[in-house]
Amino acid sequence: MTSQSSTPSSLTSKLRRLDLGGAVVGLRFLGATAGFVLGEGEIVLVDAEETRVEAHKGAVLSVAGDDRRLLTGGDDGRVVATTADGAMQALFEQKGRWIDQVAAGADGTVAFSAGKTAHFLPVKGERKSHDFPSTVGGLAFAPKGTRLAVAHYGGVSLWFPNAQAKPEFLEWKGSHRGVLWSPDMRFVVTTMQEAALHGWRLADGGHMRMSGYPSRVTSMAFTAGGKFLATSGSSEAILWPFASKEGPMGKQPSMLAPRDVRVSSVAAHPRDEVVACGYEDGLVLMVRISDGAEILLRAPDGAPVTALAWRGDGGALGIGTESGAAGLIAF
Amino acid sequence: MPEAASSKIPVTVLTGYLGAGKTTLLNRILSEPHGKKFAVVVNEFGEIGIDNDLVVGADEEVFEMNNGCICCTVRGDLIRIIDGLLRRKNDFDGIIIETTGLADPAPVAQTFFVDETVGAKTALDAVVTVADAKWLKDRLKDAPEAKSQIAFADVILLNKTDLVTETELKDVEMRIRAINPFARIHHTQRSEIAIDKVLGQGAFDLDRITAIDPDFLEGGHRHFHDEDMRSYSFATDKPLDPDKFFPWIQELTQREGANILRSKGILAFKDDADRFVFQGVHMILDGDHQRPWRADEAKVSRIVFIGRQLDAAALEKGFLSCVA
């Protein structure tokens with residue numbers, strides 16, 4: 001573990017402050033426009049101006065998207081796609097159900113789940129559905145091709161919605177919530193109800209247990225090129241090494257940006273080996289992985305950082321918090 | 001009286017065997033002119049006749065936690081639902097969870113102690129069990145769930161009292177008392193009850209553990225000696241040694257936790273001016289110093305266990321061996 005560095009250099013003067021008036025539950029860049037998703041159904045699109053649209057009548061339960069569309073699932077039973085100009089399209093609606101998870105695939109495909117049922121929406125053609133053994137806790141498209149990792153109680157199912165075959169099941173006892181593919185598609189990793197991650201090496205089904213966190217991991221991201229998996233849940237950013245084909249087993253994780261407050265959100269720079277870390281007190285740092293050098297981006301204000309996202313070109317970072325205080329910083 | 005804990009959203013769990021009157025009670029709570037709004041979690045989606053804006057269907061998914069403790073089960077669906085409800089934080093003042101007649105209340109209760117997010121934003125207020133005065137006795141014989149629901153309760157509505165005689169009512173109340181002498185029992189017809197006897201009970205709030213006064217009806221204890229689900233209460237006026245008590249209670253709940261449904265205690269430790277209170281659900285214990293003992297108060301340590309197949313003699317011996 002590295003010792004806490006002296007006062008880091010600061011870019012807080014470049015932060016554009018936004019007061020969004022509600023807890024931010026998700027954030028993505030649509031080109032140059034930052035889309036902040038608020039827990040109570042609104043989306044605030046920020047470029048030179050702020051545009052506010054009501055995507056859901058009720059709570060937003062999950063957020064995904066690509067660089068063109070923001071996908072949200074709500075407790076109003078709707079899956080909504082919102083573009084940078086504020087245009088909204090309801091892709092699905094089932095009254096009385098909650099849309100727990102949404103995921104964006106390559107070429108505009110969409111997946112979502114309500115309870116135990118996962119649905120796949122191709123750009124053209126019929127919606128495909130599959131019932132899993134228990135409620136879907138996480139949903140993620142493989143980086144290439146039409147294959148979904150579906151996390152649920154007892155493990156992860158790998159589902160080819162266009163094939164008739166039964167999904168391949170990766171078993172591990174416990175409740176799996178978030179799920180992520182490594183960019184090279186060699187690994188699938190889940191966040192668990194316990195304070196741990198679990199991973200599978202797809203080539204041989206090898207297990208990877210990543211534990212030691214003081215609290216549940218709610219945010220994770222692969223760094224540029226997939227060399228590290230950066231995670232929240234501890235009082236430093238924990239980065240598991242994924243560069244070798246064995247994955248992180250038998251290796252120590254890197255621990256960056258240690259503080260006396262827990263990391264609540266992480267986001268990996270799309271090109272450089274840099275991660276943004278948001279903490280439970282609202283502070284945000286940018287950290288270089290190679291030497292742990294830190295730059296302060298946002299001073300603490302007491303509200304946990306709930307969302308971080310880099311612009312596609314890596315030239316800007318968006319920050320959202322539980323209090324609705326948010327920010328944009330361009331480099 | 002706002003307290004630090006009152007910023008958490010209170011959660012009431014309604015249990016009761018099929019047909020006892022849970023849904024009637026739920027509708028009464030919702031329709032009273034109390035000016036409060038509730039989010040209601042029901043066990044099956046589309047359940048008819050619940051008149052409320054915010055009704056959510058639960059899937060009754062019971063999960064084991066990977067912490068090596070077999071009785072440490074939680075309701076995964078509730079974690080998800082409460083996470084979702086918390087995003088509409090201004091829309092309601094409390095959460096009411098109606099379980100199925102066959103549900104074990106323990107995983108529901110444990111969810112509020114095991115999940116960090118849920119525990120930080122909500123607080124379990126009480127387990128309220130609706131029991132059918134006419135049929136409860138039979139259910140206690142043939143349905144283990146009915147027994148757990150009585151054993152687990154903080155408040156019991158002994159409902160449909162108009163369908164039984166005075167003698168039958170006394171008899172069924174004695175059977176309840178043999179299992180759970182601590183719950184507040186209310187006699188009701190058509191689940192009619194003042195809302196303040198059901199909500200705002202603070203049964204899991206350490207600050208509100210005032211006294212442990214078992215209400216053993218005369219003869220009840222002896223009469224139903226063969227009950228496998230029972231409660232035991234032990235007391236001593238000699239101060240306890242914390243270095244003996246904590247290892248004992250931890251070892252006991254680790255070993256016997258599957259059989260101990262609820263536990264509660266008010267303790268006087270040696271050289272300690274404060275009352276120490278604790279409460280537990282199976283293996284999960286929560287305890288703290290509460291307030292100084294008052295001068296007019298007898299410094300008696302009292303502990304209670306509700307459970308099945310407990311060895312009373314061993315429990316008593318263990319407890320008394322904690323005397324300083």
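Keep in mind that this is a model prediction, so the values were computed, not measured. (Residues numbered from 1 in each chain as written. Chains lettered and ligands numbered in written order. Predicted model: local features only at pLDDT ≥ 70, side-chain atom pairs only at ≥ 80, totals over all residues. Heavy atoms only, no water.)

On to the UniProt feature "domain: CobW C-terminal" (unreviewed entry) in chain B. Look at the UniProt record and you will see "domain: CobW C-terminal" (unreviewed entry) annotated at residues 229–323 of chain B. Its end C-alpha atoms 28 Å apart, residues 229–323 of chain B is made of 25% helix and 44% strand. (UniProt positions renumbered as here; feature names shortened; annotations may be inferred. Helix = DSSP H or I, 4+ residues; strand = E, 2+ residues; numbered from the N terminus.)

Pairing between the strands of a sheet is mediated by backbone hydrogen bonds and can be parallel or antiparallel. Residues and elements named next belong to chain A. Here 4 strands make up an open sheet; going across it, the order is β3-β4-β5-β6 and the pairing antiparallel. The open sheet terminates on both sides in strands that have one partner only, identified here as β3 (24–30) and β6 (50–54). When the angles between neighbouring strand axes are averaged without regard to direction, this sheet yields 20°. Here strand β5 (residues 42–46) pairs with β6 via 5 bridges, running antiparallel. Bridge assignment links L45 to a residue of β6, and that residue is T51. (Pairing = 2+ DSSP bridges. Axes fitted to C-alpha atoms, helices over the stretch in contact; angles between N-to-C directions.)

This part takes up the pairing of strand β6 (residues 94–98) of chain B. Residues and elements named next belong to chain B. Taking burial as the measure, the 5 residues of β6 include 5 buried ones, the bulk of the element. Summarising the sheet, strand β1 (residues 9–16) and β6 pair through 4 bridges and their orientation is parallel. Looking across to β6, one finds that L14 is bridged to E98. Of the pairings in the sheet, the one linking strand β2 (residues 38–42) to β6 comprises 4 bridges and is parallel in character. Within the sheet, the bridge partner assigned to V40 lies in β6 and is I96. (Buried < 20%, exposed > 50% of the residue type's maximum accessible area, 1.4 Å probe, protein only.)

Here the focus is the pattern of salt bridges. Residue and element names in this part refer to chain B. Applying the stated criterion across every chain, the model contains 37 salt bridges over all chains. One salt bridge in this structure joins R139 and D142, with 3.1 Å as the shortest N-O distance. You can see R139 and its partner D142 sitting in helix α5 (residues 136–142), 3 residues apart, about one turn around the helix. Since its relative accessible area comes to 23%, R139 is described here as partly exposed. Here D154 ties to R262 by a salt bridge, and the two come within 2.7 Å at their closest N and O atoms. Of this pair, D154 sits in the loop between α6 (144–152) and β8 (155–159) while R262 sits in strand β11 (residues 260–268); the two residues are 108 residues apart in sequence, bridging distant segments of the chain. Of the two residues, D154 and R262, neither departs from the other in class, the shared state being buried. (Salt bridge = Lys/Arg side-chain N within 4 Å of Asp/Glu carboxyl O.)

Now for empty space enclosed by the protein. All names here are of chain B. One pass over the full model with this rule turns up 1 cavity of 30 Å³ or more. Its volume calculated, the largest cavity comes out at about 40 Å³. Every residue along the wall of the largest cavity is listed here: L25, R28, I29, E32, I193, I195 and V198. In terms of residue class, the lining of the largest cavity is made up of 5 nonpolar, no polar and 2 charged. (1 Å grid on protein atoms, 1.4 Å probe; cavity = no way out; pocket = protein on both sides within 12 Å on 5 of 7 lines; lining within 4 Å. Points joined across faces, edges and corners; volume = space filled by probe spheres on them. Nonpolar A, V, L, I, M, F, W, Y, C, P; charged D, E, K, R; others polar.)

Further remarks concern the side chain of T111(B). As for its position among the elements, T111(B) is in helix α3 (residues 105–114). For T111(B), a relative accessible area of 0% translates into the label buried.

Moving on to the interface of chain B and chain A. Taken together, the contact between chain B and chain A spans 23 residues of the former and 30 residues of the latter. Taken together, the two surfaces of chain B and chain A that pack against each other cover about 2,200 Å², and 46% of this comes from carbon and sulfur. Scanning the region where chain B abuts chain A turns up 8 salt bridges. Salt-bridge contacts for R80(B) lead to D100(A); the nearest nitrogen and oxygen are separated by 2.9 Å. At the boundary of chain B with chain A, the tally comes to 11 residue pairs in polar contact (both at pLDDT 80 or more). Where the side of chain B that touches chain A is concerned, the elements lending two or more residues are β4 (62–64), α2 (76–85) and α4 (116–121) of chain B. When residues in the side of chain B that touches chain A are grouped by element, the largest group, 6 residues, is from α2(B). Here the side of chain B that touches chain A is built from residues that sort into 7 nonpolar, 4 polar and 12 charged. (Contact = heavy atoms within 4.5 Å. Buried area = accessible area lost by both parts, 1.4 Å probe. Polar contact = N/O pair within 3.5 Å; in protein donor to acceptor, adjacent residues only side chain to side chain.)

With that settled, consider α2(B). Burial within α2(B) is extensive, with 10 of its 10 residues counted as buried. When we look at burial in α2(B), the residues that qualify are G76(B), D77(B), L78(B), I79(B), R80(B), I81(B), I82(B), D83(B), G84(B) and L85(B).

With that settled, the discussion passes to the nonpolar core. Counting residues in each nonpolar core, the largest one holds 56 residues, and the members touching the most others are L85(B) and I95(B). With 5 residues, α2(B) is the single largest residue contributor to this core. Ignoring anything within four residues of it in the chain, the contact list for L85(B) reads W98(A), A39(B), V41(B), L54(B), V56(B), F92(B) and I95(B). (Core = buried A, V, L, I, M, F, W, Y, C linked by side-chain atoms within 4.5 Å.)

Next up on the list: the packing of aromatic side chains. The full count for this structure, using the stated rule, is 18 aromatic pairs over all chains. With 6.2 Å between their ring centres and 45° between their planes, W248(B) and F319(B) make a pair best called tilted. In this pair, W248(B) is assigned in helix α9 (residues 242–256) and F319(B) in helix α10 (residues 312–320), connecting sequence segments 71 residues apart. Look at W248(B) and you get buried, because its relative accessible area is 14%. Its relative accessible area of 0% is what places F319(B) among the buried residues. Three or more aromatic residues joined by ring pairs form one cluster here, namely F245(B), F246(B), W248(B), F269(B), F276(B), F278(B), F305(B) and F319(B). Its guanidinium or amino end placed over the ring of Y279(A), R259(A) lies 4.6 Å from that ring's centre, counting from NZ or CZ. Here K134(B) stacks its cationic end above the ring of W135(B), 5.8 Å away from the centre of that ring. (Phe/Tyr/Trp six-rings, centres within 6.5 Å; stacked < 30°, edge-to-face > 60°. Lys NZ or Arg CZ within 6 Å of the ring centre and 35° of its normal.)

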